[in-house]
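In case you want the letters, here they are:
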Amino acid sequence: MTRQTLQDYLLSQNVSLDKKIKGFWYTQNEPQNYNDYTISAYLCSVARKYAPQLPIMLSREARPDIAERSEYGNCSYDIWLPHVWRYTPTYTRLHQALYDEVSWFYSLDTDGVCATPGVCGPAFAPVISQSGSNGAEDPVATNDGPHYRVISWVGWSNRITGWGYYHDDIFWDTRQNAPAPARPRISASLLREGFEDYEYLYIANGNRHPQPFVKESPDDTAMSVGYAVGSWQSDPTAIHAIRHELGLKIEGTRSDFPYLEITPNRPYGNYYIDFQDTSSGSSSSVNFDGKTWMAIGWDKYSVSKGYGWNSKYVGVPNTIEEGNPILRCIDVEQGNAIETTICYDDYNSPDEFHFALAPGVYTVTVAIGWPGKCRDDTEFVSINDVVFRNTSCSPCCSGVREYTNLVNVYPGANGAGLIMTFGNNLGYTILSYMKIETSSSSLPATPGGATPAPVPTPIPTPIPTPTPTPSPSCMCPCDCSDSGAVKQDVTVSKATARELNPLFCGWLVLCCLAWSFIIV
């Protein structure tokens, strides 16, 4: 079937060719390198030429080496499907704002595999491989409920509106003698609960999805539960309690938006960061060069602190160099007071450092390198999609070096800050310190110079510490019982929820090349 014929057929069947709802062409699965990205750009241009109404999807994060290829007309995809650890926050939001594109997460079987018993990666991982290998056809649904619930909260905070996984039958009772049609397992019910959590946020936002570079009213609520792939609430009682309070806000019996933690309002100004080992808790700020430097190590992102790392290796032990973590900070006792401490990823994986900050233009300086040494590292640093360093040191790069650029901090959700992508999988990048200073330069506050509509944000009141109480295992406002009994949400009655918006009563599953996509 040609692309044109596929478009005509879908239209003849009254299938909405809307990238946010139903029909699309899944063009390519997980392109891996520049040659693959060239094919992705070519397929995009072919689709635009022969079937311009047909939305197209690619299972890769939005990236310039696909979308900014002039030889293929700078063709970009309607739906990007990044793996949870490859999502590119700023570039994705730019494309959402400028081209009305959407992005969905997808999970793999190894996202939750533990390096050692009891020490696992920080990503939400609703499925896990029994053998530790992707595609081994032995995944099982995890028995840890928050891994399902937080997908939609993290999605809202990151302007992600869908989630995909290739092997959805593990969420259904498909045993040989099981009743037909297949009944949902508890894992499927928990997935639905999570997407109903998104419905609460959607209704609280005036029946609207969140927009990139706009501060939406429920953002503090969402971020306090799920800020990023590696930073989310694991306490099911807290998740239950905040949804209850959000329901009260929707009903009008609560005046403000609830939150568990709130990102500090760090004003426009100068900030200085010394990256050093803080694991012992004894580290303190450093006074040097007439400035006070914040001491920050490989801390997992904290909403209440407004800084930290989104990395799959936070807290994971090093299997190559036993006794040390993968993410290391050391004092090499060389250089000045801030050069002497350095941090690096022993597995050479890209990691994200987030620093909440008021919107505006900043002059940012990043110092990288090992004091007193000349190393043949392969260095990469990018902040809010401004590349500071992308160089293979040949024959070597000596000592600590500073690199400076202007950086624009956009408003809106967890994009309101600096997001540094640090390192790559080609070699070491050694991080020393960072200077963030106000700038007299003028850049547009939002893409294209547009000014986001102001959204009133009440001063939130923290919800009380929840007291565990017996509650239904399924909190859906719809009928959603594994046993067949009707269950009712603790906050919004079924009738009220349906009247407000039955957006997540069940879900829409689209199968394409064996993938299943849950669209919100």
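Anything mentioned here points back to the structure above.
The rules behind each value
Residues numbered from 1 in each chain as written. Predicted model: local features only at pLDDT ≥ 70, side-chain atom pairs only at ≥ 80, totals over all residues. Heavy atoms only, no water. Helix = DSSP H or I, 4+ residues; strand = E, 2+ residues; numbered from the N terminus. Buried < 20%, exposed > 50% of the residue type's maximum accessible area, 1.4 Å probe, protein only. Contact = heavy atoms within 4.5 Å. Areas by Shrake-Rupley, 256 points an atom, 1.4 Å probe, with all protein chains shown as cover. Axes fitted to C-alpha atoms, helices over the stretch in contact; angles between N-to-C directions. Parallel < 35°, antiparallel > 145°, perpendicular 65-115°, else oblique. Left-handed = near helix turned anticlockwise from the far one by under 90°. Polar contact = N/O pair within 3.5 Å; in protein donor to acceptor, adjacent residues only side chain to side chain. Pairing = 2+ DSSP bridges. Phe/Tyr/Trp six-rings, centres within 6.5 Å; stacked < 30°, edge-to-face > 60°. Lys NZ or Arg CZ within 6 Å of the ring centre and 35° of its normal.

Asks: Report on the overall build of the protein, specifying residues and quantitative values.
Replies: Looking only at helices and strands, the protein features 9 helices and 31 strands. Counting over 520 residues, the protein shows a buried share of 55%. When contacts within the protein are restricted to residue pairs at least 6 apart in sequence, long-range pairs at least 24 apart make up 69% of them. Counting only carbon and sulfur atoms, one obtains 50% of the accessible surface of the protein, whose full area is about 22,000 Å².

Asks: Provide a residue-level description of the packing of helix α6 (residues 186–204) against helix α8 (residues 236–251), including the pertinent values.
Replies: At their nearest, the axes of α6 and α8 sit 10 Å apart, and the two run at 30 degrees to each other. On the basis of the axis angle, α6 is roughly parallel to α8. Read as a crossing pair, α6 and α8 show a hand that is left-handed. On α8, the residues that touch E193, E196, D197, Y200, L201, I203 and A204 of α6 are I239, R243, L246, G247 and I250.

Asks: Tell me about helix α4 (residues 89–99), and name the residues and values.
Replies: Counted residue by residue, α4 has 8 buried out of 11 residues, so it is predominantly covered. Within the sequence span of α4, burial applies to P89, T90, Y91, T92, R93, L94, H95 and Q96. Where α4 is buried, its residues touch α3 (64–67), β4 (102–103), α5 (146–157), β21 (351–356) and β28 (417–422). Looking at the residues trailing α4, positive phi occurs at D100, about 55 degrees.

Asks: Account for the side chain of K435, naming residues and giving values.
Replies: Looking at the secondary structure, you find K435 in strand β29 (residues 431–438). A polar atom in the side chain of K435 sits 3.4 Å from the side chain of E402. When sequence neighbours within four positions are dropped, the list of residues in contact with K435 reads Y271, Y272, W293, T363, V364, T365 and E402.

Asks: Residues and numbers for the sheet that holds strand β25 (residues 386–392), please.
Replies: Reading across from one edge, β18-β21-β28-β24-β25 is the order of the 5 strands in this open sheet, with antiparallel pairing throughout. Among the strands making up the open sheet, the edge pair consists of β18 (307–310) and β25. Between one strand axis and the next, the sheet turns through 15 degrees on average, direction left out of account. Examined bridge by bridge, strand β24 (residues 378–383) and β25 share 6 bridges and lie antiparallel to one another. Bridge pairing links F380 to N390 in β25.

Asks: Can you tell me about the packing of aromatic side chains, naming the residues and giving the values?
Replies: Enumeration over the complete set of coordinates arrives at 27 aromatic pairs. When the ring of Y42 is compared with that of Y72, the centres are 6.3 Å apart and the planes differ by 75 degrees; the resulting orientation is edge-to-face. Residue Y42 is found in helix α2 (residues 34–50), and its partner Y72 is found in the loop between α3 and β3 (79–80); the two are separated by 30 residues along the sequence. An aromatic cluster is defined as three or more aromatic residues linked by ring pairs; in this entry it consists of Y271, F275, W298, W309, F353, F355 and F422. Lying over the aromatic face of F355, R266 brings its terminal NZ or CZ to 4.2 Å of the ring centre. The side chain of R375 reaches across the aromatic face of Y428, ending 5.6 Å from its centre.

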